[in-house]
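Single-letter residue listing:
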Amino acid sequence: MKLKATLLGAAAALALAPMAAQAGRGDSGHLNILYWQAASILNPYLSGGNKDIDASALVLEPLARYDENGNMVPWLAESIPTVENGGVSEDLTSITWRLKEGLIWSDGTPVTSADVVFTANYCMDESGGCQQLAGFADISNVEALDERTIKITFDKPKPFPYSAFVGSTMPILQQAQFKDCVGTNAPNCTEQNFGPIGTGPFVVDEFKANDTISMSANPNYRDADKPSFASLTFKGGGDAASAARAVLETGEFDYAWNLQVDPTVLAEMAKGGKGEVISAFGTAVERLMVNMTNPDPALGEKRSTLEGGPHPFLTDPAVRRALSLAIDRALLAEVGYGAAGKPTCNVVPAPAIYVSTANDECLVQDIAKANQILDEAGWMPGPDGIRQKDGVRLSILYQTSTNAVRQDTQALVKDWWSQIGVETELKNIDAAVFFGGDQSSPDTFQKFYADIEMYTNLFDGTDPEAYMGSWKCSEIPSPENNWLGNNMPRYCNSEYDALVEKLAVTAALEERAAIVKQMNDMLMQDGAMIPLIHRGSVSARANSLQGVKLNVWDSQMWNVADWSRAE
Amino acid sequence: MTDAATAAEKPRSQWADVWAQFRSHRGAMIGMGFFVFICLLVIFGPMLWDIPPNKIDIRAKNQGPSLAHPFGTDQLGRDTFAQVLAGGRVSLLVGVTAMALSLFLGTLVGVLAGYFKRLDSPLMRLTDLFLALPILPLLLVIIMLFRDPLRAAFGPEKGIFILVVFVIGITSWMHTARIVRGDVLSLKEQEFVLAARSIGTPPHRMILRHILPNVLSPIMVSATLGIATAIITESAISFLGLGFPSDFPTWGRLLSDSTNFMTLNPERVIWPGLAISLTVLSVNYIGDGLRDALDPRIRGR
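Residues numbered from 1 in each chain as written. Chains lettered and ligands numbered in written order. Predicted model: local features only at pLDDT ≥ 70, side-chain atom pairs only at ≥ 80, totals over all residues. Heavy atoms only, no water.

Describing the packing of aromatic side chains
Residue and element names in this part refer to chain A. To keep it simple, the criterion reads: Classification of ring pairs uses Phe, Tyr and Trp, with its six-membered ring standing for Trp, and accepts pairs whose centres are within 6.5 Å; under 30 degrees between planes counts as stacked, over 60 as edge-to-face, and the remaining range as tilted. Helix and strand assignments follow DSSP, with helices taken as H or I runs no shorter than four residues and strands as E runs no shorter than two, numbered in order from the N terminus. Each residue is placed in one exposure class: buried if its accessible area under a 1.4 Å probe, protein chains only, is under 20% of its type's maximum, exposed if it is over 50%, and partly exposed if it falls in between.
Taken as a whole and judged by the stated rule, the model has 27 aromatic pairs over all chains. Ring plane angle 45° and centroid distance 4.9 Å describe the contact between Tyr255 and Trp563, whose orientation is recorded as tilted. On the criterion of sequence distance, the pair formed by Tyr255 in strand β10 (residues 255–256) and Trp563 in the loop between β20 (545–546) and β21 (564–565) is long-range, its members being 308 residues apart. Judged by its relative accessible area of 0%, Trp563 falls in the buried class. A centroid spacing of 5.7 Å and a plane angle of 40° characterise the contact between Tyr398 and Trp417, whose relative ring orientation is tilted. Separated by 19 residues along the polypeptide, Tyr398 in strand β16 (residues 395–401) and Trp417 in helix α11 (residues 404–419) bring together distant segments of the chain. Judged by its relative accessible area of 0%, Tyr398 is buried. Trp417 sits in the buried class, given a relative accessible area of 0%. Linked through ring pairs, Tyr35, Trp36, Phe234 and Trp257 together constitute an aromatic cluster.

Okay, here's the thing in structure tokens:
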């Protein structure tokens, strides 16, 4: 229903588009955007946070990006290179991009292929700590063929060559501005990272880290009539509920992002009449990460690492299966997400071609069966009602970030697990700390000093290759790699690693889909993760703001140039 | 403490005096009545009201007040009344224990600083130091540093309880110390102390027998105020999402969880909020009454 409403809204916006197009640059006045997690940097190469990437997307642009339907559209490039149009070589080892004609930076200088080459080298410099390095995987060379043409060569056939410079995570930086910021200097270039010169519809006037960004329309933007807004404020801070209130009830802001708020509360706020809740489903899945290593504090430095040894009971497949079966996902979706959540048993919930049906057992809660599985595996209730075997009690520390919806989910899951004789201790950590990645904090999601942790992850665009690579053995966070890496469950399976290699050299879409499904099933059946909810993105826009197309495949700010104020 | 027993005859009438004076303070009597009522309610309430505070009944979520749920239910169908009772146990226990700890520390430092001249300057500088610390950031750092070791040693709930009580205790003794020191300094110059010293009373006996009973009045008053501060600080920590686990109700936690539902079910904010305010107010009135009752110059007028 929501999706239909959104589509209708989009259709209506399209119908209005000719009218909006007549408006000139700056006619709509001032735009107020509220992100309750404040942006701390405007360089997506140095930040993994969506908030930072979205803020950067107002200024910086990639060669191509995904539209609201997940289709790739050329952005700074003339067209999408394919094998058919000769842009991708027959042997799939190179891709050639061509920039649009007459592109200029907001400071008036021309955009050239040298800027693109520079950006690639900027990120691929190993001492720079580039967060988007995975997008440049397997690239052996990036060269400028002429002023407007860039050729990217891979060291092996690349069936999906559209990772570098596609999507808002990998925009083009200006060489002239960033030339002294390469390598270890990258994080120190405060002026550049806080005020990049871009080709996007807006330019940065003032940047207050973790607070407010003021921007005004780019005088050199390639479309003379856009953006419709003369200036904007990108405000950060507060929480999801207050952000929703600011758009829906008080009307202080025009757009608010990521509203993980109790659906009852959100519906109540929407009655305020000042704005509208919009949502769309992408690839986001709220999941439980199962720690395969031992998080016992007694292990000191070795806790939650492979050296610390396997987990005392979560390595038993029966326990993981029982934990998953005991959860009523439909109820979780209803209580915490409303129309913006669907139960799922897969870590890849979309696009449809990649979705497996092999794991749908977990869609229906079955406490009796979960109990039976544990009985058969030899976990018997002890005197306190908690199941145990060989002196090991099924007692779980379950952590997540602080958010009312997540705490409700925790309480419900704890209740169900208690019904199968599993003791649960809940812990919630401030989101800024949990996702902050601070090396010195024991509470980050990478360190995972708990048995189970819950959060949402997703992939940009429509190709899950890089995402599926997250659960390779080499991606396990540990002190050696400064706790960077995406393999939170510390899952390590050579068969899985082999499939990752195979996926990288498979071209046909059907075969790729089959491999992805196989990997997804492997992760699910091995119980490395317990998926809960396929989450839609939920944002809110003011009624007077038009042109918004909620995009779950790219930055939500992707088409901000087309936004305007209704009369 | 044997000294108090030997002088049983006189003090009894003195305490009767105090009680008579206290009773004449209307606010204090109402406050004490309410405080006793709240204490009895949270101690015995959960035995009579047998819905467990963490029982989830999702079909009965977000309900208004009814006979089955007099305070309504929250977003997971948990009974708010049971939660307020369970939360009150924790909040009051934290308040009383933290107050006892801060009172002990404050009195110790105050008496030592006031009685022994050599200790005065270092102890008072220490007090100044603690007063200058910003309390809330300090609490957050302490909780982050010590949560895990304590959790491992005492379990999640007891561990956090000890931690919260400890941090509130060691960050709120300074005012008591200052007040006590001031009173001890003036007492020390009085004739009865001089007389006691002239017959060779050793310092520990001097403090226990002559000084402490006379500074009881400010100690009592700061004790009552201490309970109030401790309850509020605990609420603040819970409100910030630190401290106790998220399914462990305390008044502050109930309040912070309910803020989003304020427009939908206002009673969810009103009840815990009212419980905190009224308890703190009643304790303040008790303190007020005690101060009047314990002051011999006011008593009997």
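The rest of the description comes next.
Some details on the side chain of Thr409 of chain A
So the rule is basically this: Only heavy atoms matter for contacts: two residues are in contact if any of them lie within 4.5 Å across the pair.
Structurally, the position occupied by Thr409 of chain A is in helix α11. Ignoring sequence-local partners within four residues, the contact set of Thr409 of chain A consists of Leu332, Tyr398, Met454 and Leu532 of chain A.

Describing helix α8 (residues 317–325) of chain A
Spacing of three or four residues puts side chains on the same side of an α-helix, whose turn is 3.6 residues. Residues and elements named next belong to chain A. Cut-off, in case you're wondering: Polar contacts here mean pairs of N or O atoms no more than 3.5 Å apart (in protein, one a potential hydrogen donor and the other a potential acceptor; neighbouring residues in sequence count only if both atoms are side-chain atoms).
Taking burial as the measure, the nine residues of α8 include seven buried ones, the bulk of the element. Every buried residue belonging to α8 is among Ala318, Val319, Arg320, Ala322, Leu323, Ser324 and Leu325, and all of these are buried. Of the residues flanking the start of α8, the one acting as N-cap is Asp316, its side-chain oxygen 2.9 Å from the backbone nitrogen of Ala318.

Here's the deal with a nonpolar patch on the surface
Residue and element names in this part refer to chain B. Where we set the bar: A patch is a set of surface residues, each over 30% in relative accessible area and not in a salt bridge, joined within 9 Å for like charges and within 5 Å for the nonpolar side chains Val, Leu, Ile, Met, Phe, Trp and Tyr. Shrake-Rupley sampling with a 1.4 Å probe provides the accessible areas, and residues are treated as covered by the protein chains on show and by no other component. Just to be clear on terms, a salt bridge is a Lys or Arg side-chain nitrogen sitting within 4 Å of an Asp or Glu carboxyl oxygen.
A grouping of Val36, Leu40, Ile43, Phe44, Met47 and Leu48 is seen on the molecular surface, where their side chains present a nonpolar patch of about 620 Å² in accessible area. Considering the arrangement of structural elements, one finds Ile43 in helix α3 (residues 26–48). Residue Ile43 is classed as partly exposed on the basis of its relative accessible area, which comes to 41%.

Things to note about the packing of helix α6 (residues 240–248) of chain A against helix α7 (residues 263–270) of chain A
Relative orientation and spacing of two packed helices are given, respectively, by the angle between their axes and the distance between those axes. Residue and element names in this part refer to chain A. Rules: Each axis is a line fitted through C-alpha atoms, taken for helices only over the stretch in contact, and angles between the N-to-C directions span 0 to 180 degrees. Any angle that falls under 35 degrees is termed roughly parallel, while one over 145 is termed roughly antiparallel, one within 65 to 115 roughly perpendicular, and all others oblique. Each crossing gets its hand from how the near helix is turned against the far one by less than a right angle, where anticlockwise is left-handed and clockwise is right-handed. Following the grouping adopted for this structure description, the nonpolar residues are Ala, Val, Leu, Ile, Met, Phe, Trp, Tyr, Cys and Pro, the charged ones are Asp, Glu, Lys and Arg, and the polar ones are all others, Gly among them.
With their axes 9 Å apart at the nearest point, α6 and α7 run at an angle of 20° to one another. Judged on the interaxial angle alone, α7 and α6 are roughly parallel. As for the relative orientation of α6 and α7, their crossing is right-handed in sense. Two secondary-structure elements touch here, α6 through Ala241, Ala244, Arg245 and Leu248 and α7 through Leu266, Met269 and Ala270. Here the residues of the contact of α6 with α7 are counted per class, giving six nonpolar, no polar and one charged.

Side note on the state of the cysteines
Residue and element names in this part refer to chain A. Put simply, the test is: Cysteine sulfur atoms are paired as a disulfide whenever they come within 2.5 Å of each other.
All chains considered together, the criterion is met by three disulfides over all chains. Across a sulfur-sulfur distance of 2.1 Å, Cys181 and Cys189 are joined as a disulfide pair. Because the torsion about its S-S bond is -105°, the bridge between Cys181 and Cys189 counts as left-handed. Covalently, Cys473 is tied to Cys492 through a disulfide, its sulfur atoms 2.1 Å apart. Disulfide Cys473 to Cys492: torsion about the S-S bond roughly 105°, handedness right-handed. One end of the pair, Cys473, is in the loop between α13 (465–468) and α14 (494–504); the other, Cys492, is in the loop between α13 and α14, with 19 residues separating them in the sequence. Note on Cys492: relative accessible area 43%, which makes it partly exposed.

Concerning the confidence of the model for chain A
All names here are of chain A. What counts, and what does not: pLDDT expresses, on a scale from 0 to 100, how confident the predictor is about each individual residue.
For chain A, per-residue confidence averages 86 on the pLDDT scale, and 95% of positions sit at 70 or higher. Across chain A, element-level confidence peaks in strand β8 (residues 212–217) with a mean pLDDT of 93 and bottoms out in helix α1 (residues 2–22) with 47. Note that pLDDT drops below 50 for residues 9–22; the model gives that stretch five contacts with residues more than four away or on any other chain.

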